[in-house]
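What follows is the residue order along each chain.
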Amino acid sequence: MRLPLTTLEVFTAIANHGSLRAAAQALGTKPSTVSHQLKNLEDRIGTALFIRTTRSINLTEAGRALLRGTSPAFEQIAEAVESARTTGHAARGSLKLALPEYAYDLVVARVLPSFRSSYPEINVELSLTDAFEDILESGLHAGIRLGDLIAQDMIAIRLTNPLRLAVLGSPAYLENAGVPRVPADLLAHECIRYRFHSSGAFAPWEVEQPEGRSEVAVKGSLVLNSLSVAVDAARRGEGLIYLLHDYVAEDVRHGNLVPTLTEFMPNVPGFFLYFPRAYREMVPLRLFVDHMRRHGGN
């Protein structure tokens, strides 16, 4: 397929200037003309080249493929358009996800090997972070988070049922320090606190009481930014931990950790996979979602 040079100039101007208005100014034309030519280009290729949010306009994976091909020389147009047409529309290519480490442990680790075995031509890249990643800005395709932490302009697909939080300690710690009976008792305990990598804030210890949900201002001399290390410290009797019950279900079954204050523990919405609307037809992403639904359990 051969495209008018002016159409590709419009595409390149938007990519370089970051907005329709700035591209129009650079080309000496109206924003409506730029928008119209971009729509024509996307219609002819059959896929979105940009994703618009309230904050920015960003290239899709297909848009990046087209830009890579057209930037060096316009004689590569045909090859670039074909690359844009096929990106994300076959069981090959790349799938880039952002998720916190505990989400990997709970919902991804057990299904990733079978997904990679089923689709060996899809390259999977995981960005393990507790930061609220801007997926588009970071060049990612999707993320996995608890349902109450997802931006409203994203498509969200449930991966798990609601999950229960828990306060736990080792049998030795509880024998020495006593078992907390009400949330206020936590103030007298050594609590192992988690500090978020990105914000530097402490993870809150929330409880559910007759008057509603509230946060307990716990204290403790051990602060960590790794849940796995925090669990290990709790196993060794260094204090109480607060986290998703499912994350330590095996430890509970084997008696390494004992849940406390169970009647005061709130639920959280569960894990969701979220992604920009323009990626809803991206085949590697759809295959991953389908695989999670079939094999993820829960």
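Keep in mind that this is a model prediction, so the values were computed, not measured.

To continue, consider the overall build of the chain. When helices and strands are counted, the chain shows 11 helices and 15 strands. For the chain, long-range pairs separated by at least 24 residues make up 73% of all intrachain contacts whose partners lie at least 6 apart in sequence. On the chain, roughly 14900 Å² of surface is accessible, and the fraction owed to carbon and sulfur atoms is 49%.

A few words on the packing of aromatic side chains. Evaluation of the coordinates by the stated rule reveals 6 aromatic pairs. Their ring planes at 45 degrees and their centres at 5.9 Å tell us that Y102 and F271 sit as a pair that is tilted. Within this pair, whereas Y102 is found in helix α6 (residues 101-108), its partner F271 is found in strand β15 (residues 271-275), the two being separated by 169 residues in sequence. Both residues of the pair, Y102 and F271, belong to the buried class. An angle of 20 degrees between the planes, with centres 5.3 Å apart, marks the rings of W205 and Y242 as stacked. Of this pair, W205 sits in strand β9 (residues 205-209) while Y242 sits in strand β12 (residues 241-244), placing them 37 residues apart in sequence. Judged on exposure class, the residue W205 and its partner Y242 are both buried. Taken together, the aromatic side chains of F115, Y119 and F288 make up a single cluster linked through ring pairs. The aromatic ring of F202 is capped on one face by R193, whose charged end is 4.4 Å from the ring centroid. Sitting over the ring of F202, R195 keeps its end group 4.3 Å from the ring centre.

On to unusual backbone geometry, then. One non-glycine residue, L261, lies in the positive phi region at around 50 degrees. Relative to the elements of secondary structure, L261 occurs in the loop between β13 (258-260) and β14 (267-268).

Moving on, we get to α6. Among the residues making up α6, those that are buried are Y102, A103, L106, V107 and V108. Buried residues of α6, viewed axially, fall in a sector of 165 degrees; they line one side.

Here we take up the sheet that holds strand β6 (residues 155-158). With mixed pairing, 5 strands are arranged side by side in an open sheet as β4-β3-β5-β15-β6. The sheet is open, and its two edges are formed by β4 (122-128) and β6, each paired on a single side. Strand-to-strand twist across the sheet, computed as the mean angle between neighbouring axes with direction ignored, equals 25 degrees. In terms of strand pairing, β6 meets β15 through 4 bridges, oriented antiparallel. When the bridges of β15 are listed, I155 appears paired with F275. Against the sheet, helix α11 (residues 283-295) makes contact with β3 (93-99), β4, β5 (142-146), β6 and β15, and its axis sits at roughly 55 degrees relative to β3, the strand it touches most.

Under the defined criterion, the tally for this structure stands at 10 salt bridges. Among the ionic pairs, E238 bridges to R236, the shortest N-O distance being 2.3 Å.

For the rest of this paragraph, the subject is the packing of helix α2 (residues 20-27) against helix α3 (residues 31-45). Each packed pair of helices is defined by two parameters, the angle between the axes and the distance between the axes. At a closest axis distance of 8 Å, the pairing of α2 and α3 adopts a crossing angle of 105 degrees. Relative to α3, the element α2 lies roughly perpendicular. Contacts from L20, R21, A23 and A24 in α2 reach P31, V34, S35 and L38 in α3.

So, about α3. Here α3 spans 21 Å end to end across 15 residues, near enough to the 21 Å set by a 1.5 Å rise per residue. Listing the buried residues of α3 in full gives V34, L38, L41, E42 and I45. Buried residues of α3, viewed axially, fall in a sector of 95 degrees; they line one side. In the stretch just after α3, G46 is the one whose phi turns positive, near 90 degrees.

By size, the foremost hydrophobic cluster in this structure holds 65 residues, and its most contacted members are I144, I241, L244, Y247, F271, L273 and L285. Considering each element in turn, this core owes the most residues, 6 residues, to α11. Setting aside chain neighbours within four positions, we find I241 in contact with A166, V167, L168, I192, W205, A230, V231, A234 and L257. V34, L41, L59 and A62 belong to the second-largest nonpolar core, a separate cluster that totals 19 residues.

Reading guide: rules and limits
- Residues numbered from 1 in each chain as written.
- Predicted model: local features only at pLDDT ≥ 70, side-chain atom pairs only at ≥ 80, totals over all residues.
- Heavy atoms only, no water.
- Helix = DSSP H or I, 4+ residues; strand = E, 2+ residues; numbered from the N terminus.
- Contact = heavy atoms within 4.5 Å.
- Areas by Shrake-Rupley, 256 points an atom, 1.4 Å probe, with all protein chains shown as cover.
- Phe/Tyr/Trp six-rings, centres within 6.5 Å; stacked < 30°, edge-to-face > 60°.
- Buried < 20%, exposed > 50% of the residue type's maximum accessible area, 1.4 Å probe, protein only.
- Lys NZ or Arg CZ within 6 Å of the ring centre and 35° of its normal.
- Arc of directions from axis to C-beta.
- Pairing = 2+ DSSP bridges.
- Axes fitted to C-alpha atoms, helices over the stretch in contact; angles between N-to-C directions.
- Salt bridge = Lys/Arg side-chain N within 4 Å of Asp/Glu carboxyl O.
- Parallel < 35°, antiparallel > 145°, perpendicular 65-115°, else oblique.
- Expected span 1.5 Å × (residues − 1).
- Core = buried A, V, L, I, M, F, W, Y, C linked by side-chain atoms within 4.5 Å.

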